[in-house]
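Coordinates in review
The primary structure of each chain is shown beneath.
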Amino acid sequence: MLYQILRLIIETIAGLFGAAMLLRAYMQWVRLGGRNPLSAFVFALTDRVVLPLRRMIGARGSIDWGSLLGAFMVALIAAVLLELAFALTVGALLIPNPLLLLAIAVVMLVKWSLYTVMILTLIYVVLSWVNPYAPMAPAVGMLVEPLLAPFRRILPRIGGLDLSPIALFLLVQIVLMLLDGAVRAIPGLV
């Protein structure tokens, strides 16, 4: 029971912080400006980690390597903490396999990315129904539109209803299921 509690705490904190860094990298990639509530929140949350990393590795192209490296570091630290929490609850000193820790970190990054896509899409749909003129709506729309555009080319509107968010949700859920199946097939991977 203690391991489940520790795992919940570690995964929640790391997931929120790591997803914020991934979102920051995506916002930089789509060139979303910093003058909206979403960008201001994400930048304020991640500046202490991302800015020093950017100074160390420098800027290269349109990809925010500082944010991506920060997210990977958070995932790696979370993987180590999860292994330590497991060892603590079992009462044995286990030396984790470094390759296994890297694999866990990569799986975490992919999951955080997919969950971020789902949350942004849900916020986009709710805002479009409830308050399309909310201050955060243009920023969320700019982030979600590139993801929905391929589905909009394929799926027609039915009675004025856009089905592309449903298709995106379905695809993300399928990818998450495939990822979980692949993770379970690897021995020793959480």
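All residue numbers refer to positions counted from 1 along the written sequence of the respective chain. Residue-level local features of this predicted model are given only where pLDDT is at least 70; pairs of side-chain atoms are given and counted only at 80 or more, and the full residue set underlies all totals for whole chains, interfaces and linings. Only hydrogens and water are removed before side-chain values are computed, so all heavy atoms of the structure are retained for them.

Here we take up the overall build of the protein chain. Strands here mean DSSP runs of E at least two residues long; helices mean DSSP runs of H or I at least four residues long; both are numbered from the N terminus. Tallying secondary structure elements over the protein chain gives six helices and zero strands in all. Secondary structure of the protein chain in N-to-C order comes out as α-α-α-α-α-α. With respect to the three principal axes, the spread of C-alpha positions in the protein chain is 60 × 40 × 30 Å. Any two residues whose heavy atoms approach within 4.5 Å at even a single point are treated as in contact. A separation of at least 24 residues holds for 65% of the contacts in the protein chain among residues at least 6 apart in sequence. Here the Shrake-Rupley method, with its probe set to 1.4 Å, supplies the accessible areas, and only the displayed protein chains count as covering residues. Carbon and sulfur atoms make up 74% of the accessible area of the protein chain, which amounts to about 11500 Å² in all. Taken as two groups, the 13 positive and 7 negative side-chain charges of the protein chain have centres that lie 7 Å from each other. For the purpose of charge, His is not counted, nor are the chain termini; Lys and Arg are scored as positive and Asp and Glu as negative. Working definition for charges: the position is that of NZ of Lys, CZ of Arg, CG of Asp or CD of Glu.

A fitted line through C-alpha atoms serves as each axis, taken over the contacting stretch for helices, and the angle formed by two N-to-C directions is quoted from 0 to 180°. At their nearest, the axes of helix α2 (residues 37-57) and helix α3 (residues 65-90) sit 8 Å apart, and the two run at 120° to each other. Between α2 and α3, the angle is such that the two are oblique. Our pair here, α2 against α3, has a crossing hand that is right-handed. Residues Val 49, Val 50, Leu 53, Arg 54 and Ile 57 of α2 pack against Trp 65, Gly 66, Ser 67, Leu 69, Gly 70 and Met 73 of α3. Only Asp, Glu, Lys and Arg are considered charged, only Ala, Val, Leu, Ile, Met, Phe, Trp, Tyr, Cys and Pro nonpolar, and every remaining residue, Gly among them, polar. Residue composition of the contact of α2 with α3, grouped by class: seven nonpolar, three polar and one charged. Should an angle lie under 35 degrees it is considered roughly parallel, over 145 roughly antiparallel, and from 65 to 115 roughly perpendicular; all remaining angles are considered oblique. Should the near helix be turned counterclockwise from the far one by less than a right angle, the crossing is left-handed, whereas a clockwise turn marks it as right-handed.

Let us now look at the nonpolar core. One finds Leu 23, Met 27, Leu 38, Leu 143 and Val 172 to be the most contacted residues of the largest nonpolar core, which totals 24 residues. For this core, the secondary-structure elements that each account for two or more residues are α1 (2-29), α2, α4 (98-130), α5 (137-154) and α6 (164-185). Apart from the residues lying within four places of it in its own chain, the contact partners of Leu 143 are Leu 23, Tyr 26, Met 27, Val 30, Leu 32, Leu 38 and Leu 120. For this analysis, a nonpolar core means a set of buried residues of the types Ala, Val, Leu, Ile, Met, Phe, Trp, Tyr and Cys, connected via side-chain atoms within 4.5 Å. Only protein chains enter the area calculation, which uses a 1.4 Å probe; residues under 20% of their type maximum are buried, those over 50% are exposed, and those in between are partly exposed. Counting residues in each nonpolar core, the second largest holds 21 residues, with Tyr 3, Leu 22, Ala 78 and Ile 104 among its members.

For Ser 164, the location among the structural elements is in helix α6. By relative accessible area, Ser 164 is classed as buried at 0%. When near neighbours in sequence (up to four residues on either side) are disregarded, Ser 164 contacts Leu 148, Phe 151, Arg 152 and Leu 155.

Our focus in this paragraph is the packing of aromatic side chains. Pairing of aromatic rings covers Phe, Tyr and Trp, the last counted by its six-membered ring, and requires centre-to-centre distances within 6.5 Å; plane angles under 30 degrees mean stacked, over 60 mean edge-to-face, and any other angle means tilted. Within the structure shown, the criterion is met by two aromatic pairs. Relative to Phe 86, the ring of Tyr 3 lies with its centre 5.5 Å away and its plane at 75°, an arrangement referred to as edge-to-face. Linking Tyr 3 in helix α1 with Phe 86 in helix α3, this pair joins segments that are 83 residues apart in sequence.

Next up on the list: the pattern of salt bridges. The rule for a salt bridge is simple: a side-chain nitrogen of Lys or Arg has to be within 4 Å of a carboxyl oxygen of Asp or Glu. Applying the stated rule across the entire model yields seven salt bridges. Between Asp 47 and Arg 24 there is a salt bridge, with the nearest N and O atoms lying 2.7 Å from each other. Pair noted here: Asp 47 is in helix α2 and Arg 24 is in helix α1, with a separation of 23 residues, a long-range link. On the basis of relative accessible area, Asp 47 is assigned to the partly exposed category, the value being 26%.

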